[in-house]
Amino acid sequence: MVRDYEGMERRWQSKWEERGLGRADRDEGRPKFMIIFAYPGVTGFLHVGHLRGYTYADAIGRYKRMEGFNVMFPVGTHATGNGAISLAARVSRGDEGFIDYLVRNGCPEDRLGELKDPAGAVEFFNSVYVEDYWKRFGFLADWRRFTSTVRPDYGKFIQWQFRKLSEAGLLIQKPYFSAVCPHCGPVAVDASETDISKGGGAETQEYTLLKFKRGGEFLVAATLRPETVYGQVCFWVNPDVTYSKIKKGGEVWIVSPEAERKLMLQKDGVERVGQIPGRDMVGWMCEAPMIRREIPVLPAAFCDPDVGTGLVTSVPSDAPDDWMSLAAAKAGAADSYGLPQELLDSIVPIPIISIEGYGEFPARDAVERMGITGPGDPRLDEAKKQVYKDGYHMGRMRETCGPFSGMRVEEAKDKMRQAMIDSGEAELFYDLTEEVVCRCGERVFIKRIDDQWFVDYGNAELTERTREHSRSMDIMPPEYRENVRGVLGWFRERACVRQGNWLGTRFPFDEKWIIEAISDSTLYPLYYIISIYANDGRISPENMGEEFFDYVVLSRGTLAEAAAATGADAGVLEDVRRDVGYWYPLDVNLGGKEHMTVHFPVFLFNHRAILPDSMQPRGILVNWYVTGKKDKISKSKGGAQPIRGAVREYGADGMRLYYAHVASMFVDVEWSGEAVEMYGQRLERVMSTIEEALSADRESPEGLDRWLASAFASRLEGFRKAMDRYDLRQASTIAYFEMLNDMRWYLRRGGGSRAAARDAARTWILCMAPVTPHSAEELWAAAGFEGLASESRLPPAGERDGAAEYGEELLKGLISDVAQIRKVAGSGAGRIIVYTAPSWKREVLRIAAGMGSVDIPSLTKACMADEGLRRNGKAVSEFVKKVAPEISRSVIDAGAASSLDEAALLRSAAGFLSAELGAEVTVLSADGPDLYDPAGKSRAASPGRPAILLE
RNA sequence: GCGAGGGUAGCCAAGCACGGAAACGGCGCAGGACUUAGGAUCCUGUCCUUAGCGGUACAAGGGUUCGAAUCCCUUCCCUCGCACCA
């Protein structure tokens, strides 16, 4: 049967909407449950991966609703930053590739104009997320509470958050080094290149500037390896570059013009006082820092004026470039400068670091291994990295390194740098590893920002209190529960504001700053409780000053005071306050694994820093990704399966089931359309089986209805347990596989009583409702059950019937055994004889069932006390030896096995068995008189495992 | 390097926090059923052996235990994070 997914989905979605199922209103008589997922950033279309986590949140919310909770599941978007700005800019300048991407994902061409404005882009995508993704997937969210971080009311909340952080003494100011465009202000340098047009792979490196004294001036070299200063033997200058002399703090420095420009952004009072060609510096002597030794200045072409300061100190022992250039200079490359040969000869490398696997000069070993022969070799870069990496992680300082001898390189590096900074021989300097160009076309540099604000997440008391609280939380997966404490521990100050062309909230203490993207998106679950009042106009942003939130969130002051201070209606204020008290704390914050090191820790910190004990979050749930064939199907690459097309093709329920069941929440899954299709078919089968069950109307074989009820009671119990620990996969296995098998067995066995089938179907459909709600409603309506499945309660736990379950297992086992035997025996049998266990064996099990713990000696003893059994002593003790361990391991349910009349059951099922096995089935009791048993099989018969003879 | 996680049958993937039946499922494959036909559906099988009850198995090797994929130790291999990116 081909179903019209979209029509069916829309039909039920509008029913839910009519009934207001997603709406969450305070109801003090009912327990509440509040769940959110970390809202997405507004940077374009989402892909099928994002819906994985969102679907989990909806399914959990639906389940809780069906268990009687008043559920709040709100949604929103995060538009802070420059995602929307750069998006708008790309549309404005007619970026073809980007516009093509938009159109491919379903953006109507006549709406492209709206996207030229960042605010328009935000609104456009807000609507895409809500209408095309979340509603289309059938989420029962409270749409009235939708909010976005760039809305004015949200901004008021964030400003309040920062006032409270300040109150708690957690806002601090100190200098900070950030990538900045001279026009646009601070930019994000990352692989997505949203702010920049070139250099997304660049990293910020911390150089140590080393000052080499010559007369009253300093030649300034930049190094990443301050630990190598003991190996300095000469100094490199590029003879073809004209260097700048700059004044810096009363000193005169010589650096490249590029470095001069960079230094002006990072140091105070830098100005140019002269110039000098590099050529003129060749042959100078200068005093190296730390070692205070005079070393010569030599020419080297590899000195790039745009890297560091364009001047380089030479440590040939550990720097492949230096090693090659020194060799070249000695071999005559420096001849034209008239340097005395004795001087060149006197320059000999000094071994300073010992690394396992290397000799006394790691640089020499590296170049030799790679077969590098000259200074211009491009592989020198790789050699450099290798030596650096090995040296840093495995090296130790040799005895040539004065007080640092014997130290591990990792440690010596910091100590030596600090020592030189303290003695005034060195300073720090930051630079990007490659050229970075802003979208506006300007070059991006690292700039010092003096009055940068930070949130002090390194605060020891806050850290401790936050860790303490995290211990009491429900955090999944369990590894993360442990790990999060570590993450909280290493968190330090975090820059929380920035300048430039950014969307976001103004920093309340200095309006030139805008609060950055993490800081404004971690306390926000709380705001969903309030956003509804702003959205429907009961409160306006003007009412939302500090006193407003102080009152409604922290219950500070009196209602009258709050009403007077805020200008808001007192009744409304009181409602908001009571709402907050009712809904908070948040029960589950669900987010992708990328949040583990940033969002979740800050989420915990902010709650702990600002809110009282009673409002601390209760749970965190982390979901892993859906990945593409090769790499992550990221938003920025745009190549992922668009959601619109996918949901049309596979159906919302098919995709929801795929997400829920394809793997545990805590592993990455590779997207596969085929797999989704499989789940669609699976769902189809479930539906048609339920439909078949609902239409059943015949008499079931004796006991089978009791079995069905018992089986579904057991499934329901398992389903609840799984859902209660948010194990959607296990729950789905039960609802879409195990229940299906049970029902199919029931029908196959000839079951079909109307009442029993409908009862089971009711439970079954309700178990489907969290993950595949549309299909569930469809079936619910077809069955004629009252109301909507989504607003029904899950039935209470049902009664189990051990004997009935045992009996059906017996039949399944028997069929399987016969098939096994047939397989190895070759041909099929004409007649099947089944021998049930003799009554004395059942008697043994009956005795065992009455005992607490069962072991061989005690069971044997107990059996021998029985006169009837004692007559059969030898066989009994043998049987006990075999069966006692199985009972104690609960392989066998002794109670059920002994109480069931197997012979009667098998005889009554003989017709069924004959049909199933395609052969006449005769049931005999192993202790019957005049037993027909030509092969002596009957001796093997035991309860639960009848003996079989194929003829 | 530091921190974390993992290696399960042809493939994907549960189980491992609380050790107890060759190890949930799915896909693939094989046989059968239903069919004009079937990529649809249903049944059965799918480590070796064998008329079902045996053997060997959960990266490799040791250990603890009556019993280990599950606990401990060693080795090999593979991911991920290391920050200002929701």
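Everything below is about the structure shown above.
Right, let's walk through the structure included here.

Thresholds, definitions, all that
- Note on numbering: residues in each chain are counted from 1, in written sequence order.
- Chains carry letters and ligands carry numbers; both start at the beginning, A for chains and 1 for ligands, and go up in the order they are written.
- For a predicted model such as this one, the threshold for reporting local features is a pLDDT of at least 70, and the threshold for listing and counting side-chain atom pairs is 80 or more; totals across whole chains, interfaces and linings nevertheless cover every residue.
- The side-chain numbers reported here are obtained from all heavy atoms of the structure, hydrogens and water having been left aside.
- Helix and strand definitions follow DSSP, with helices as H or I runs of at least four residues and strands as E runs of at least two, each counted in order from the N terminus.
- Atoms counted for the radius of gyration: C-alpha only. Globule rule: 2.2 Å times residue count to the power 0.38.
- Throughout, a contact is declared for two residues whenever any of their heavy atoms are within 4.5 Å.
- Summary of the distance rule: residues count as near a molecule or strand when at least one heavy atom falls within 4 Å of that molecule or strand.
- Polar contact is defined as a pair of N or O atoms within 3.5 Å, subject to the rule that within protein one atom must be able to donate a hydrogen and the other to accept it, and that residues adjacent in sequence are counted only when both atoms are side-chain atoms.
- Residue polarity follows a fixed list, in which Ala, Val, Leu, Ile, Met, Phe, Trp, Tyr, Cys and Pro are nonpolar, Asp, Glu, Lys and Arg are charged, and the others, Gly among them, are polar.
- Only Phe, Tyr and Trp rings are paired, with Trp represented by its six-membered ring, and only when their centres lie within 6.5 Å; those with planes under 30 degrees apart are stacked, over 60 edge-to-face, the remainder tilted.
- We call a charge positioned over a ring when the NZ of a Lys or the CZ of an Arg lies within 6 Å of the ring centre and within 35 degrees of the ring normal.
- Only strands joined by at least two bridges in the DSSP assignment are considered to pair.
- Lines fitted to C-alpha atoms define the axes here, with helix axes fitted over just the stretch in contact, and angles between the N-to-C directions of these axes take values from 0 to 180 degrees.
- The cut-offs for exposure are 20% and 50% of the maximum accessible area for each residue type, with area from a 1.4 Å probe on protein chains only; residues under the lower value are buried, those over the upper are exposed, and the others partly exposed.
- To qualify as a nonpolar core, a set must consist of buried Ala, Val, Leu, Ile, Met, Phe, Trp, Tyr and Cys residues joined through side-chain atoms within 4.5 Å.
- Every angle not falling under 35 degrees, over 145, or within 65 to 115 is termed oblique; those three ranges are roughly parallel, roughly antiparallel and roughly perpendicular.
- Each helix crossing is assigned a hand: it is left-handed if the near helix lies turned anticlockwise from the far helix by less than a right angle, otherwise right-handed if that turn is clockwise.
- Expected span, for any helix, means 1.5 Å times one less than how many residues it has.
- Arc, as used here, means the arc of the directions from the helix axis to the C-beta atoms.
- Here a cavity denotes grid points, spaced 1 Å and computed from the protein atoms alone, that fit a 1.4 Å probe unable to get out, and a pocket denotes an open set having protein on both sides within 12 Å along at least 5 of 7 lines; residues with an atom within 4 Å of a point are the lining.
- Grid points are joined across faces, edges and corners, and a volume is the space filled by probe spheres set on the points.
- We call a pair of cysteine sulfur atoms a disulfide whenever their separation is within 2.5 Å.

**Describing the overall build of chain A**
- Helix and strand counts for chain A come out as 35 helices and 34 strands.
- Relative to the compact-globule value of 30 Å for 951 residues, chain A shows a C-alpha radius of gyration of 38 Å, a clear excess of over 25%.
- Taking the principal axes of its C-alpha atoms as reference, chain A extends roughly 120 × 75 × 50 Å.
- In chain A, of all internal contacts separated by at least 6 residues, the share reaching a separation of at least 24 is 76%.

**What to know about the protein's contact with RNA strand B**
- Close to RNA strand B lie 48 residues, the nearest being I518, E594, R685, R744 and I821.
- Looking at RNA strand B alone, sugar and phosphate atoms form 56% of those within 4 Å of the protein.
- Residue Q681 places a side-chain N or O atom 3.4 Å away from a phosphate oxygen belonging to RNA strand B.
- Of all the secondary-structure elements, those providing two or more residues to the surface near RNA strand B are α15 (478–490), α23 (673–694), α25 (728–748), α28 (802–825) and β34 (947–950).
- A per-element tally of the surface near RNA strand B places α28 first, with 7 residues.
- Residue composition of the surface near RNA strand B, by class: 19 nonpolar, 11 polar and 18 charged.

**Focus: the packing of aromatic side chains**
- With the rule as written, the count across this model stands at 47 aromatic pairs.
- Judged by centre distance (6.4 Å) and plane angle (70 degrees), the ring pair of Y154 and F157 falls under edge-to-face. Here the residue Y154 and the residue F157 both occupy positions in helix α6 (residues 152–167), the gap between them amounting to 3 residues, near one helical turn.
- Stacked on the ring of F785, the Lys or Arg R762 has its end atom at 4.3 Å from the ring centre.

**Remarks on the sheet that holds strand β5 (residues 171–173)**
- Taking strand neighbours across the sheet as the criterion, the 3 strands line up as β5-β23-β25 in an open arrangement whose pairing is antiparallel. Among the strands making up the open sheet, the edge pair consists of β5 and β25 (493–495). The average angle at which neighbouring strand axes cross in this sheet is 40 degrees, direction not considered.
- Summarising the sheet, β5 and strand β23 (residues 453–456) pair through 3 bridges and their orientation is antiparallel. Bridge pairing in β23 places I172 opposite F454.

**Observations regarding helix α27 (residues 773–783)**
- Counting buried residues along α27, 8 of its 11 residues qualify, which places the element largely inside the surrounding structure.
- Buried residues belonging to α27 abut α1 (5–19), α2 (50–66), α22 (652–661), α23 and α26 (754–768).
- Phi turns positive one or two residues past the end of α27, at G784, with a value near 80 degrees.

**Things to note about the sheet that holds strand β2 (residues 70–72)**
- Spatial strand order, β2-β1-β28-β29-β24: 5 strands in an open sheet with parallel pairing. Both edges of this open sheet fall to β2 and β24 (474–476), since each of them pairs with a single strand only. Strand-to-strand twist across the sheet, computed as the mean angle between neighbouring axes with direction ignored, equals 15 degrees.
- Judged from the 4 bridges that link them, strand β28 (residues 588–592) and strand β29 (residues 619–623) form a sheet pairing that is parallel. Bridge pairing in β29 links G592 to N623.

**Details of the nonpolar core**
- Residues L102, W134 and M655 are the most contacted members of the largest nonpolar core, which totals 145 residues.
- Of all the elements, α25 adds the most residues to this core, at 12 residues.
- Setting aside chain neighbours within four positions, we find L102 in contact with F45, V91, C107, L112, L115 and F125.
- Of all hydrophobic cores here, the second largest spans 74 residues; its members include M34, W453, W513 and V602.

**Examining the side chain of T733**
- Relative to the helices and strands, T733 resides in helix α25.
- Take T733: its relative accessible area is 16%, and that puts it in the buried class.
- Here the side chain of T733 touches H661 through a polar contact of 3.0 Å, side chain to side chain.

**Topic: the packing of α23 against α27**
- Relative orientation of the contacting elements α23 and α27 amounts to 10 degrees, with a least axis distance of 10 Å. Between α23 and α27, the angle is such that the two are roughly parallel. When you trace α23 past α27, the crossing you get is right-handed. Side by side, α23 and α27 meet where L683, M687, I690, E691 and L694 of the first sit next to S775, E778, L779 and A783 of the second.

**Observations regarding α1**
- For α1, spanning 15 residues, the distance from its first C-alpha to its last is 21 Å, which sits close to the expected 21 Å at 1.5 Å a residue.
- Taken together, the buried positions of α1 are occupied by M8, E9, W12, Q13 and W16. One face of α1 carries all of its buried residues, which in axial projection span an arc of 125 degrees.
- Residues of α1 that are buried make contact with α2, α5 (118–135), α22 and α27.
- Following α1 by one or two positions, G20 has its phi on the positive side, about 65 degrees.

**Observations regarding the layout of surface pockets**
- The volume enclosed by the second largest pocket comes to roughly 1,400 Å³.
- Looking at the lining of the second largest pocket element by element, the count peaks at 5 residues for helix α12 (residues 380–394).
- Of the residues that constitute the lining of the second largest pocket, the class distribution is 21 nonpolar, 10 polar and 16 charged.

**Comments concerning the packing of α12 against helix α13 (residues 409–422)**
- It is at 6 Å that the axes of α12 and α13 come closest, and there the two elements cross at 95 degrees. The orientation of α12 with respect to α13, classified from their angle, is roughly perpendicular. For the pair formed by α12 and α13, the contact residues are Y388, G391, Y392 and H393 on the first element and V409, E410 and K413 on the second.
- Looking at side-chain class alone, the contact of α12 with α13 contains 3 nonpolar, 2 polar and 2 charged residues.

**A closer look at the side chain of T860**
- Relative to the helices and strands, T860 resides in helix α30 (residues 856–864).
- Under the relative-accessibility criterion, T860 is labelled buried at 19%.
- Excluding anything up to four places from it in sequence, T860 contacts S877 and V880.

**Quick notes on the state of the cysteines**
- Taken as a whole and judged by the stated rule, the model has 0 disulfides.
- C286 supplies the cysteine sulfur nearest to C234, a cysteine that is in no disulfide, at a spacing of 9.5 Å.

**Side note on the environment of D25**
- Secondary-structure assignment places D25 in the loop between α1 and β1 (32–37).
- With relative accessibility at 41%, the residue D25 sits in the partly exposed group.

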